[in-house]
Amino acid sequence: MRVLIIGSGGREHALSWKVARSGKAEKIYCAPGNGGTAQEGENIPLKDSDVAGLVSFAKGNVIDFVIPGPELPLTLGVVDAMTQAGIRCFGPSQWCAQLEGSKAFAKDIMQKAGVPTAACGVFTELEAAKSFVEEKGAPIVIKADGLAAGKGVVVAQTKEEALEALDQIMGGVFGAAGSRVVIEEFLVGEEVSLLAFCDGKTALPLPSAQDHKAVFDGDTGPNTGGMGAYSPAPIVPDAELEKMADIAIRPILAEMARQGHPFTGILYAGLMMTKDGPKVLEYNVRFGDPECEPLLMRLESDLLEIMDACIDGRLDEVKLSIRPESALGVVIAAEGYPGSYPKGMEIKGIDAVDALPDTKVFQAGTKREGSRTLSSGGRVLCVTALGKGLAEAQKRAYEAVAKIDMEKSQHRSDIGAKGLRRL
Ligand code: AMP
Ligand code: GLY
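Residues numbered from 1 in each chain as written. Chains lettered and ligands numbered in written order. Predicted model: local features only at pLDDT ≥ 70, side-chain atom pairs only at ≥ 80, totals over all residues. Heavy atoms only, no water.

As recorded in an unreviewed UniProt entry, the protein goes by the name Phosphoribosylamine--glycine ligase, listed as coming from Bilophila wadsworthia. Taken from UniProt, the Pathway (unreviewed entry) comment for the protein reads in full: "Purine metabolism; IMP biosynthesis via de novo pathway; N(1)-(5-phospho-D-ribosyl)glycinamide from 5-phospho-alpha-D-ribose 1-diphosphate: step 2/2." In its Catalytic activity (unreviewed entry) section, UniProt records this for the protein: "5-phospho-beta-D-ribosylamine + glycine + ATP = N(1)-(5-phospho-beta-D-ribosyl)glycinamide + ADP + phosphate + H(+)". (UniProt positions renumbered as here; feature names shortened; annotations may be inferred.)

Here you go:
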């Protein structure tokens, strides 16, 4: 198969690395890709948001199979557009992608499907939103309805903070994404990511994973796209996966099918394990980044075969084969991220790490310049390793991180620590 992967992060490098290991892949393109995807195939200078350009490239280059990585092309309808052009594309339709594209939409589906989630109110008028905050008090959570690159959620500890967040979000800092807000009950608990392959009716959960959203050790500092992840997360052991999928994934599939829009692709539930049981904080309609990197290192099955089965509605015939080891990925970011950061730093040591067994550097914000690899984004690498158990995976990943040389970089030194405390 001739495969086109859309996106440019560590997730897309992991997807192209895994697809390259499928017996079915003939040629891999990545748009726009990065320094890592360039090693697995050919990068194409098209933005992930350029749906028309991507469809025309796919048609012109006889692409058989398209895998969009990020949410933006999915919410822009890339699956519908590719499908109309007769090209197989793994992911949800534009209608189904609203699960991630609109928090109010997701809340409505959750309520109809009977999925446990935080109590909430949805508002389009600033004054009504403010009265709701005055009535409920703090702590309280304010969320911009639309996509805001992970920055549209404010966990307000005081009423004043909540009111200020409303002024900002509804005042236009996120444009149309903030014209509607969801105001939510504050929940306490450990977060975990549950991802499942879906074919419209059947869901096959992957093992649990845990992200580390805050930039600094001990979950302090501002939220980022994710500073590291590992799988499995002891808070949801393999023995509980089916039960979790019954709570957080399968009711959504049933509700979407009932509304005439079966969900195909990856459904990712961001769960908070509260003392009253699991509650869904959000849905994503794609692989998480960085969760994708450790998850795909553990996945033994042929990724293209699973994705094919999802599109054809044959997932009930598939059994996932997962390596028993734990996997852990540490993100190396540019200093200053998630604020402003320098670019163009040379990165050394990638080949040395890739030469180690069961260890892989997934590249995110990188580009090749001649024989050199330079940084070009905030999150630069996700250094990922397998190990017998979480402690060994953590040790092996950090040994690999020590071999990477990049000026003006930062990484967390406690990826996996929360999981280890549970063992
Ligand atoms: P979301 O994009 O909805 O997952 O929110 C981003 C982050 O905000 C989550 O990963 C949580 O850390 C936090 N968060 C979201 N909703 C809540 C909630 N209801 N209670 C406490 N924290 C929350
Ligand atoms: N790692 C969280 C996300 O991809 O949204």
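Turning to the site of ligand 1, a few remarks are in order. What surrounds ligand 1 is a group of 14 residues, the closest being Lys 143, Glu 184, Glu 185, Leu 187 and Glu 191. Within the side chain of Lys 143, a nitrogen or oxygen atom sits 2.9 Å from an oxygen atom of ligand 1. For ligand 1, an oxygen atom lies 2.9 Å from a polar atom in the side chain of Lys 213. Of all the secondary structure elements, the ones that give two or more residues to the shell around ligand 1 are β7 (140–144), β8 (153–156), β9 (181–185) and β17 (277–284). When grouped by side-chain class, the residues that make up the shell around ligand 1 number 7 nonpolar, no polar and 7 charged. (Near = heavy atom within 4 Å. Polar contact = N/O pair within 3.5 Å; in protein donor to acceptor, adjacent residues only side chain to side chain. Helix = DSSP H or I, 4+ residues; strand = E, 2+ residues; numbered from the N terminus. Nonpolar A, V, L, I, M, F, W, Y, C, P; charged D, E, K, R; others polar.)

If you check the shell around ligand 2, you find Asp 211, Gly 225, Tyr 268, Asn 284, Arg 286, Gly 288, Asp 289, Pro 290 and Glu 291 and nothing else. A distance of 3.5 Å separates a nitrogen atom of ligand 2 from a polar backbone atom of Gly 225. Within the side chain of Glu 291, one N or O atom sits 2.8 Å away from a nitrogen atom of ligand 2. Notes on ligand 2: free accessible area 200 Å², of which the protein chains cover 88%. When grouped by side-chain class, the residues that make up the shell around ligand 2 number 2 nonpolar, 3 polar and 4 charged. (Areas by Shrake-Rupley, 256 points an atom, 1.4 Å probe, with all protein chains shown as cover.)

All chains considered together, the criterion is met by 7 aromatic pairs. Considering the side-chain rings of Trp 95 and Phe 105, the 5.2 Å spacing of their centres and the 80° angle between planes classify their relative orientation as edge-to-face. In this pair, Trp 95 sits in helix α6 (residues 94–101) while Phe 105 sits in helix α7 (residues 103–113), placing the two residues 10 residues apart along the sequence. When its relative accessible area of 24% is taken as the criterion, Trp 95 is described as partly exposed. A relative accessible area of 13% means that Phe 105 is categorised as buried. (Phe/Tyr/Trp six-rings, centres within 6.5 Å; stacked < 30°, edge-to-face > 60°. Buried < 20%, exposed > 50% of the residue type's maximum accessible area, 1.4 Å probe, protein only.)

In this structure, Leu 4, Met 82, Leu 99, Ile 252 and Tyr 283 are the most contacted members of the largest nonpolar core, which totals 75 residues. Ranked by the residues each element gives to this core, the list is headed by helix α15 (residues 390–401), at 6 residues. Not counting residues up to four positions away in its chain, the partners in contact with Leu 99 are Phe 105, Ala 106, Ile 109, Ile 252, Met 256, Phe 263, Leu 267, Tyr 283 and Val 285. Among the nonpolar cores identified, the runner-up in size contains 42 residues, and Ile 28, Met 297, Leu 304 and Cys 310 belong to it. (Core = buried A, V, L, I, M, F, W, Y, C linked by side-chain atoms within 4.5 Å. Contact = heavy atoms within 4.5 Å.)

Attention now goes to the sheet that holds β7. Sheet strands pair by backbone hydrogen bonding; their relative direction is either parallel or antiparallel. The 4 strands lie next to each other as β6-β9-β7-β8, forming an open sheet whose pairing is antiparallel. Of all the strands in the sheet, the pair left with one neighbour each is β6 (120–123) and β8. Put simply, the sheet's adjacent strands are angled 15° from each other on average, direction ignored. Pairing between β7 and β8: 4 bridges, direction antiparallel. Across the sheet, residue Val 141 finds its bridge partner in β8, namely Val 155. (Pairing = 2+ DSSP bridges. Axes fitted to C-alpha atoms, helices over the stretch in contact; angles between N-to-C directions.)

Before going further, it helps to examine the pattern of salt bridges. Scanning the entire structure with this criterion turns up 34 salt bridges. When the shortest N-O distance is used, the salt bridge between Glu 184 and Lys 107 registers 3.0 Å. Placement of Glu 184 in strand β9 and of Lys 107 in helix α7 is noted, with a sequence separation of 77 residues between them. Judged by its relative accessible area of 4%, Glu 184 falls in the buried class. Residues joined in a network through salt bridges with shared partners are Lys 24, Arg 88, Asp 308, Asp 312, Arg 314 and Glu 317. (Salt bridge = Lys/Arg side-chain N within 4 Å of Asp/Glu carboxyl O.)

Our next topic: the sheet that holds β17. Strand order in the open sheet made by the 4 strands is β11-β10-β16-β17, with antiparallel pairing throughout. Across the chains shown, the open sheet's two edge strands, defined by having one partner strand only, are β11 (203–205) and β17. In this sheet, adjacent strand axes meet at a mean angle of 35° when their direction is disregarded. Here strand β10 (residues 190–199) runs beside β11; their pairing, made up of 3 bridges, is antiparallel. Among the inter-strand pairings, Cys 198 is bridged to a residue of β11, identified as Ala 203.

With that out of the way, let us pick up the pairing of strand β16 (residues 264–274). Most of β16 is tucked away: 11 of the 11 residues are buried. Both β10 and β16 contribute to a ladder of 10 bridges, which runs antiparallel. Among the inter-strand pairings, Glu 190 is bridged to a residue of β16, identified as Met 273. Taken together, the 7 bridges between β16 and β17 define a ladder with antiparallel strand orientation. Bridge pairing in β17 links Ala 269 to Tyr 283. Counting the residues that bridge the hairpin from β16 to β17 gives 2 residues.

Turning to the side chain of Ser 301, a few remarks are in order. Mapped onto the elements, Ser 301 comes out in the loop between α12 (292–298) and α13 (303–312). Polar side-chain contacts of Ser 301 include one of 2.7 Å to the backbone nitrogen of Ser 321. Beyond its immediate stretch of four places on either side in the chain, Ser 301 contacts Lys 18, Ile 306, Lys 319, Leu 320 and Ser 321.

Looking at where Thr 359 falls in the secondary structure, it is placed in strand β20 (residues 359–363). A residue is classified by how much of its surface remains accessible, and Thr 359, at 6% relative accessible area, is buried. Engagement of the side chain of Thr 359 in a polar contact is seen with the backbone oxygen of Pro 357, the distance being 2.8 Å. Engagement of the side chain of Thr 359 in a polar contact is seen with the side chain of Arg 396, the distance being 3.2 Å. Those residues within four positions of Thr 359 in sequence are excluded, and the remaining contacts are Met 297, Val 353, Asp 354, Thr 384, Ala 385, Arg 396 and Ala 400.

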